[in-house]
Amino acid sequence: MTTTVKGSVGTAHVRVEGRDKVTGAARYAGDVALPELAHGWLVLSTVARGRVHSVEAGPVLDMPGVLSVLHHGNALPVDADFTVPLLGAPLKPDPSIALFQSDRVPYMGWPVALVVAETPEQAREAAEALVVRYEVEPFDIAFSAERPDAVPVYGAGGPGLMEKGDLEAELAASAVVVDAEYTTPEQHHNPMEPHAATAHWDGDRLEVVDTNQGSPYVLDHLAKAFSLDPASVRVRSEHVGGAFGSKGPLHVHQVAAVMAAKLLRRPVRVVVTRHQMFSLVGYRSATIQRIRLGADPDGRLRALEHRALSMTSSVHQYVEAAATTSRVMYDADAHRTANEVVQLDVATPSFMRAPGQAPGSFALESAMDELAEKLAIDPIELRIRNEPERGPMSGHPFSGRSLVACFREGARRFGWAERDPRPGVRREGRRLLGTGMAAASHEVMAAPATAAVTAEADGTFTVRIAAADAGTGARTALTLVAADALDVAPDRLRVHIGDSDFGPAILGATSMGTRSWAWAVKAAASELRKQLASGTAVPPEGITVRSDTTAEIAALAQGEPRERHIFGAQFAEVAVDPATGEVRVRRMLGVFAPGRIINPLTARGQFIGAMTWGISMALHEEAVMDQAAGGLVGADLAGYHIAAHADVPAIEAYWVDDPDPDDPVGIKGIGEIGNVGAAAAIANAVWHATGVRHRDLPLRPDRVLLAGGPHA
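Residues numbered from 1 in each chain as written. Predicted model: local features only at pLDDT ≥ 70, side-chain atom pairs only at ≥ 80, totals over all residues. Heavy atoms only, no water.

### Brief notes about the overall build of the chain
At step 1: Counting its regular elements, the chain contains 16 helices and 29 strands.
At step 2: Relative to the compact-globule value of 27 Å for 712 residues, the chain shows a C-alpha radius of gyration of 26 Å, a close match.
At step 3: In terms of overall dimensions, the chain has C-alpha extents of about 75 × 75 × 50 Å along its principal axes.
At step 4: A total of 712 residues make up the chain; the buried ones form 60% of that total.
At step 5: Contacts in the chain between residues at least 24 apart in sequence constitute 81% of all its contacts with a sequence separation of at least 6.
At step 6: Averaged over its 67 positive side-chain charges, the chain has a centre that lies 4 Å from the centre of its 86 negative ones. (Helix = DSSP H or I, 4+ residues; strand = E, 2+ residues; numbered from the N terminus. Rg over C-alpha atoms; globule rule 2.2 N^0.38 Å. Buried < 20%, exposed > 50% of the residue type's maximum accessible area, 1.4 Å probe, protein only. Contact = heavy atoms within 4.5 Å. Lys, Arg positive; Asp, Glu negative; His and termini not counted. Charge placed at Lys NZ, Arg CZ, Asp CG, Glu CD.)

If you want it as structure tokens, here you go:
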């Protein structure tokens with residue numbers, strides 16, 4: 001089903017920076033060497049709520065190599081009361097970036113000091129020796145469905161509450177009703193490369209070498225936070241070792257590096273430790289979701305309610321909009337979706353791969369499976385019977401909806417037709433085998449970007465755009481797009497990214513990075529090709545063409561309203577050991593409709609990586625709060641479990657032909673969709689293996705054992 005396209009786009013290419021990465025030539029934010037570089041180490045609060053009574057810096061300042069101890073008593077002013085534009089809407093930063101501006105401690109792991117020393121070892125030793133005394137106050141971290149202070153909140157998924165029709169009447173009139181609660185735990189990003197920032201001031205000009213998902217975005221934040229002229233700030237982030245949403249917003253380590261460099265008048269680097277990442281760089285909130293489905297005997301939905309509760313901090317409001325997925329997937333006479341949030345004394349959650357959709361799909365797609373069981377209808381057939389012709393809540397037409405094609409192709413490749421629908425009957429030795437599936441969707445978006453393409457005198461071409469490649473293969477994809485637009489071989493191009501000096505560009509997030517950047521690159525390269533075709537001679541300094549897609553993106557937004565989404569279908573086979581409760585995923589398959597695929601090699605890697613994360617989400621990942629102390633238990637990769645190589649089976653990813661007619665390259669996006677639906681497919685497969693429904697992630701062995709089911 002993969003489309004073959006003439007030219008570079010659509011053909012497999014290894015990463016253009018691959019050799020540099022595997023040989024160590026690629027330099028990340030924590031690798032950059034600067035003369036007189038000092039090192040900062042953050043000190044985090046050990047209480048969950050209260051005030052800093054004192055920071056006993058004297059003894060630490062006498063330790064070898066220590067240059068300074070920054071805290072609320074001596075910090076530079078930092079402003080967090082501003083907005084930055086994101087997707088056409090004003091966005092306020094997390095107020096925690098106002099580093100050391102108060103003695104207030106709103107959660108455990110809040111930064112209370114920064115120790116700066118000549119070496120990282122000296123900084124760490126001094127930071128661990130620093131004594132901070134607190135006035136401790138009672139804290140509240142109780143997250144439950146019974147919270148009376150939970151309120152609907154507008155977030156990335158739109159309004160907090162959306163409804164149509166008479167829900168209770170349609171439920172009462174339904175032949176079959178599913179009413180169940182599903183939970184997902186707190187989850188953390190943990191990219192391979194820790195967050196790091198190196199700041200250097202040259203007079204009034206600030207340069208930051210950082211690991212982020214959008215250098216212009218970080219520049220905008222830093223300029224406003226420190227009241228700087230944006231023209232006097234440069235942010236570079238050439239190589240990024242994973243991000244998954246955690247390197248999008250501005251965080252305290254970047255602010256700390258800038259502040260310390262300003263005060264000490266020398267470069268300062270701050271690297272966030274793995275332990276510190278659990279409270280400083282965001283995470284996915286735990287969710288409690290109630291689904292109510294009402295259907296006729298033939299499976300047609302009469303009622304769909306999805307209430308999703310998540311938590312946020314007491315200093316900033318962020319909602320994990322898990323109910324959003326139900327606004328798109330299936331139609332019903334009555335719809336009610338609510339994204340609610342409760343403020344607790346916890347760190348602020350943030351965007352994490354497929355925000356909202358990943359936990360939301362687990363609840364919705366598990367509930368649809370329960371409905372299929374009650375109706376004795378094949379799970380795929382039930383979903384097809386509830387395919388909407390238009391957006392269930394918006395009423396807008398779909399720009400494309402190839403979900404049924406994904407179902408059909410996935411069922412064919414997975415061998416779904418041979419499946420015995422009865423649960424708990426298939427065995428292999430003492431293990432119970434089962435198969436499950438789930439649907440997936442993710443919004444398609446695009447944002448303005450600028451790009452510059454230069455024809456060099458030696459016959460090569462240089463592309464400059466402030467894109468970010470966090471392991472997605474974006475740099476390679478942009479190389480292929482530019483090569484086709486110029487009608488040249490990819491090896492005649494050099495693509496430079498990750499530098500705010502290249503001009504405005506959207507950050508790499510919500511599957512819109514490559515789509516938005518490719519739009520700008522193609523526009524500049526196409527115009528340059530026209531100039532060269534006219535016979536214009538290339539001077540020694542080259543010919544440069546710049547593009548700005550602001551007008552085109554605005555025209556798309558102002559056109560006929562449409563529901564724009566990526567769709568997919570996930571399939572999983574599991575083996576469950578009833579004696580130990582162990583669940584093993586034996587194989588997975590995903591079929592997606594992601595628009596035009598630029599590079600099949602890296603695209604397949606994206607899909608497989610996201611599906612692997614789905615295994616991790618379903619079976620392993622779970623951050624646990626210490627109810628007595630108010631912080632996380634085991635905030636490291638020993639206590640926080642993720643899927644290892646032994647947990648990852650044969651995973652296959654395919655796609656159906658589905659180019660976006662409104663995009664000049666045909667792209668929709670692929671970064672998030674592979675993570676959506678994966679956990680639900682695995683959970684549904686566990687039900688099929690055991691006959692026992694699990695509504696709480698992760699599917700730990702103890703939960704499987706306690707739930708019972710068929711025995712060997």
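After that view of the structure, there is still more to cover.
### So, the confidence of the model for the chain
At step 1: Per-chain confidence: the chain averages 95 in pLDDT, with 98% of residues scoring 70 or above.
At step 2: Note that pLDDT drops below 50 for residues 1-5; the model gives that stretch eleven contacts with residues more than four away or on any other chain. (pLDDT = per-residue confidence, 0-100.)

### Brief notes about the sheet that holds strand β21 (residues 450-455)
At step 1: The strand order β23-β22-β21-β24 describes an open sheet built from four strands, whose pairing is mixed. Each end of this open sheet is capped by a strand with a single partner; those strands are β23 (493-496) and β24 (543-548). In this sheet, neighbouring strand axes are inclined to one another by 15° on average, regardless of whether the strands run parallel or antiparallel.
At step 2: Both β21 and strand β22 (residues 461-464) contribute to a ladder of four bridges, which runs antiparallel. The partner of Ala452 across the bridge, within β22, is Arg464. (Pairing = 2+ DSSP bridges. Axes fitted to C-alpha atoms, helices over the stretch in contact; angles between N-to-C directions.)

### Remarks on the nonpolar core
At step 1: In terms of nonpolar packing, the biggest core is built from 88 residues, with Leu42, Leu114, Phe226, Ile465 and Trp517 touching the most fellow members.
At step 2: Sorting elements by how many residues they give to this core places helix α11 (residues 474-486) first, with nine residues.
At step 3: Those residues in contact with Leu114 that lie beyond four places of it in its chain are Gly40, Trp41, Leu42, Ser68, Val69, Leu70, Phe100, Ala256, Ala260 and Val270.
At step 4: Counting residues in each nonpolar core, the second largest holds 82 residues, with Phe362, Ile597, Phe607 and Met617 among its members. (Core = buried A, V, L, I, M, F, W, Y, C linked by side-chain atoms within 4.5 Å.)

### Description of helix α8 (residues 357-375)
At step 1: Spanning 19 residues, α8 covers 26 Å between terminal C-alpha atoms, matching the ideal 27 Å at 1.5 Å per step.
At step 2: Most of α8 sits out of view: 17 of its 19 residues are buried.
At step 3: Of the residues flanking the end of α8, it is Ala376, one or two places downstream, whose phi is positive at about 55°. (Expected span 1.5 Å × (residues − 1).)

### Considerations on the sheet that holds strand β8 (residues 131-136)
In a beta sheet, neighbouring strands are held together by backbone hydrogen bonds and run either parallel or antiparallel to one another.
At step 1: Across the sheet, three strands lie side by side as β6-β2-β8; this open sheet has antiparallel pairing. Edge positions in the open sheet fall to β6 (104-105) and β8, since each of these has one partner strand only.

### Remarks on empty space enclosed by the protein
At step 1: Here the structure, examined in full by the defined rule, presents two cavities of 30 Å³ or more.
At step 2: Here the largest cavity defines a volume of roughly 60 Å³.
At step 3: Together, Val52, His72, Ala98, Phe100, Gln101, Ser102, Asp103, Arg104, Trp110, Pro111 and Val112 line the largest cavity.
At step 4: In the lining of the largest cavity, the residues fall into six nonpolar, three polar and two charged.
At step 5: Size it by volume and the second largest cavity reaches roughly 40 Å³.
At step 6: What lines the second largest cavity is simply His188, His189, Asn190, Met277, Phe278, Val281 and Gly282.
At step 7: The residue makeup of the lining of the second largest cavity, split by class, is three nonpolar, four polar and no charged. (1 Å grid on protein atoms, 1.4 Å probe; cavity = no way out; pocket = protein on both sides within 12 Å on 5 of 7 lines; lining within 4 Å. Points joined across faces, edges and corners; volume = space filled by probe spheres on them. Nonpolar A, V, L, I, M, F, W, Y, C, P; charged D, E, K, R; others polar.)

### Considering unusual backbone geometry
At step 1: Note the cis peptide between Leu697 and Pro698, where omega equals -5°.
At step 2: Position of Pro698 relative to the elements: it lies in the loop between α15 (678-690) and α16 (701-707).
At step 3: Positive phi values are uncommon outside glycine, yet Arg265 reaches one of about 60°.
At step 4: Within the fold, Arg265 resides in the loop between α6 (252-264) and β15 (268-271).
At step 5: The phi dihedral of Asp487 falls on the positive side, at around 60°, and the residue is not glycine.
At step 6: Within the fold, Asp487 resides in the loop between α11 and β23.

### Concerning the packing of helix α14 (residues 600-619) against α15
At step 1: Following both chains from N to C, one finds α14 and α15 inclined at 55°, their axes separated by 8 Å at the closest point. Considering the angle they form, α14 stands oblique to α15. For α14 against α15, the interelement crossing comes out right-handed. Of the residues in α15, those touching α14 at Met611, Gly614, Ile615, Met617, Ala618 and Leu619 are Ala678, Ala679 and Ile682. (Parallel < 35°, antiparallel > 145°, perpendicular 65-115°, else oblique. Left-handed = near helix turned anticlockwise from the far one by under 90°.)

### With respect to the packing of α8 against α15
At step 1: Where α8 contacts α15, the two axes come as close as 8 Å, and the packing angle between them is 35°. As α8 runs across α15, the sense of the crossing is right-handed. Across the interface between the two elements, Ser361, Phe362, Glu365, Ser366, Asp369 and Glu373 from α8 touch Ala679, Ala680, Ala683, Asn684 and Trp687 from α15.
At step 2: Residues of the contact of α8 with α15, tallied by class, amount to five nonpolar, three polar and three charged.

### Some details on the layout of surface pockets
At step 1: Of the volumes computed, that of the second largest pocket is approximately 600 Å³.
At step 2: In terms of lining residues, the second largest pocket is bounded by 33 residues, among which Leu44, Ser45, Met108, Gly109 and His275 are the most central.
At step 3: Elements with a contribution of two residues or more to the lining of the second largest pocket: β1 (38-44), α3 (120-129), β8 and α7 (274-280).
At step 4: Taken together, the residues of the lining of the second largest pocket break down into 18 nonpolar, ten polar and five charged.

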